[in-house]
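# Fold and contact review
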Amino acid sequence: MTANISAVVEETQEYYDGPADEIYRRLWRDNVHMGTWRTRGDTIDTAMARTNRVMADRGQVWDGAYVLDVGSGYGASARFLAAERGCRVHGVNISERENELARERNEQAGLDHAVSIEYGDFHDLPYSDESFDIVWSQESLLHGVDKSRILEECRRVLRPGGRFVLSDLLVRKHVSEEERAPIYARVKAPVMWDLDEYAAAIGATGLKVTDQDDWPENVAPTYQSVLDQLVDQRDRLAQRVPTEQIEQTIASLQLWVDAAHDGKISHGFFVAERTA
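Throughout what follows, the structure given in this document is the object of discussion.

### Remarks on the overall build of the chain
The helix and strand inventory of the chain stands at eleven helices and seven strands. Compactness check: the chain gives a C-alpha radius of gyration of 18 Å against a globular reference of 19 Å for 276 residues, within 12% of the reference. The principal-axis extent of the C-alpha atoms belonging to the chain is close to 55 × 45 × 45 Å. Expressed as a percentage of the 276 residues in the chain, the buried residues total 57%. Relative to all contacts within the chain whose residues are 6 or more apart in sequence, the contacts with residues 24 or more apart total 75%. Roughly 11600 Å² of accessible area belongs to the chain as shown, and the carbon and sulfur atoms make up 45% of that amount. Counting 31 positive and 48 negative side-chain charges, the chain places the centres of these two groups 3 Å from one another.

Structure, rendered in C-alpha cells:
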C-alpha cells in the first residue's frame, strides 16, 4: 500500500503541476471546487464563493479558529476563511505550482500574516496531535489512495471539540467498474466513494457526524461552466497548452457533465466533531 500511495501522490502532483495548472488557473481561477448554484444569473465565481459560505456556516467555523486546509490548492478558501471569518489558516497541498501562486495571492491580499501554505501529503500530515480547531477540505480526498488513513489523520490533528468540514466529489455505488474508469481518469483518482461510504469511514475514526448533505445539483453546472469557458478559450490556451491536452480535457469534462446528468456523480458534504 505504501508504494501505491507514493506512486499516486507523484502522479497527482504531476497532474496539478503540469498542463492542468494552466487550464485550472484560467478557467477555475483561484477557487478549484464545486459551486452552489441558485439563480440563472450565477457565475462560477459567485457559485464557488457561495459554497465557501455554506460550508463555513454549516461547519460553524468561528472567529479566531486555527484551521488546517487539507488540499488547499490556490488558497482561495483559506483566504476566505481568514478575511471573512477571522481565522488563522494553514494550507497543506502537494502541488508546488499551486502553493507558489497561493503564497503570492496571500501577499497581494495582505493576508500572509493569517494564511500560510506548505507542501505536504494528507496521508501523513506533518503536524502534532490536536493542533487545529478546524480541519477543512474541499474536493481533495478523491485523490486519496487510503481514504480511511487520511480521515484518521484529520481526526488526529483535531483538538477535542474541533470540527472536520469536508466536501468531496462522489461516485454512486451502482456505477460499474467499467463506467468508473473514465470518470477516475479525468482527475487521476484511484477510487471515489459514495455518501454512505464516507459517513461510515468518518464515524469509524471516532468522529461524530453532526451534519451531512448530498448536492448532486452542484456538479453538472460547475463542470459545464468550465467546459464552456475552455471551448471559448481553446485558441488562446493553445499558445501555452498542447492542443491534444486541450481536446482531451474538453472530452473528459463533457463526460463528467453527462455522468452528473445521469446520476453517476454527486457532491457530498460533512461536518464531524471530535468529542472531548
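### Some points on the sheet that holds strand β7 (residues 265–273)
What the seven strands build is an open sheet, ordered β3-β2-β1-β4-β5-β7-β6; its pairing is mixed. In this open sheet, the two strands that pair with only one neighbour each are β3 (115–119) and β6 (208–214). Looking at each pair of strands side by side, their axes are set apart by 15° on average, direction ignored. Of the strand pairs in this sheet, strand β2 (residues 88–93) and β3 are connected by five bridges, and their pairing is parallel. Bridging across to β3, H90 finds its partner in S116. Together, β5 (158–171), β6 and β7 form the strand contacts of helix α8 (residues 195–204), whose direction differs from that of β7 by roughly 20°.

### Remarks on the side chain of T205
For T205, the position within the fold is in the loop between α8 and β6. A distance of 2.6 Å separates the side chain of T205 from the backbone oxygen of I202, its partner in a polar contact. If we ignore the near neighbours within four places in the chain, the residues touching T205 are L151, E152 and R155.

### Digging into the packing of aromatic side chains
Inspection of every chain in the model, using the stated rule, returns six aromatic pairs. When the centroid spacing of 5.1 Å and the interplanar angle of 70° are considered together, the rings of W193 and Y198 count as edge-to-face. Since its relative accessible area comes to 1%, Y198 is described here as buried. Considering the side-chain rings of W215 and F269, the 5.0 Å spacing of their centres and the 15° angle between planes classify their relative orientation as stacked. Placement of the pair is W215 in the loop between β6 and α9 (219–232) and F269 in strand β7, with a sequence separation of 54 residues.

### Some points on the pattern of salt bridges
Enumeration according to the criterion identifies 15 salt bridges in this entry. Of the charged contacts, one joins R85 and D57 as a salt bridge, the two residues approaching to 2.8 Å between their closest N and O atoms. Linking R85 in helix α4 (residues 76–85) with D57 in helix α3 (residues 44–58), this pair joins segments that are 28 residues apart in sequence. A relative accessible area of 48% means that D57 is categorised as partly exposed. One salt bridge connects R159 with D133, and the closest N-O pair in it is separated by 3.1 Å. One end of the pair, R159, is in strand β5; the other, D133, is in strand β4 (residues 132–138), with 26 residues separating them in the sequence. Given the relative accessible area of 29%, R159 is considered partly exposed. On the basis of relative accessible area, D133 is assigned to the buried category, the value being 14%.

### What about the pairing of β2?
Among the six residues in β2, five count as buried, and that is most of the element. Where strand β1 (residues 66–70) meets β2, five bridges bridge the pair, whose relative direction is parallel. What sits directly across from L68, in β2, is H90. For the segment spanning β1, α4 and β2, crossover handedness is right-handed. Taken together, β2, helix α5 (residues 96–108) and β3 form a β-α-β motif whose crossover is right-handed.

Parameters and conventions
Residues numbered from 1 in each chain as written. Predicted model: local features only at pLDDT ≥ 70, side-chain atom pairs only at ≥ 80, totals over all residues. Heavy atoms only, no water. Helix = DSSP H or I, 4+ residues; strand = E, 2+ residues; numbered from the N terminus. Rg over C-alpha atoms; globule rule 2.2 N^0.38 Å. Buried < 20%, exposed > 50% of the residue type's maximum accessible area, 1.4 Å probe, protein only. Contact = heavy atoms within 4.5 Å. Areas by Shrake-Rupley, 256 points an atom, 1.4 Å probe, with all protein chains shown as cover. Lys, Arg positive; Asp, Glu negative; His and termini not counted. Charge placed at Lys NZ, Arg CZ, Asp CG, Glu CD. Pairing = 2+ DSSP bridges. Axes fitted to C-alpha atoms, helices over the stretch in contact; angles between N-to-C directions. Polar contact = N/O pair within 3.5 Å; in protein donor to acceptor, adjacent residues only side chain to side chain. Phe/Tyr/Trp six-rings, centres within 6.5 Å; stacked < 30°, edge-to-face > 60°. Salt bridge = Lys/Arg side-chain N within 4 Å of Asp/Glu carboxyl O. Right-handed = clockwise from strand over helix to strand, strands pointing away.

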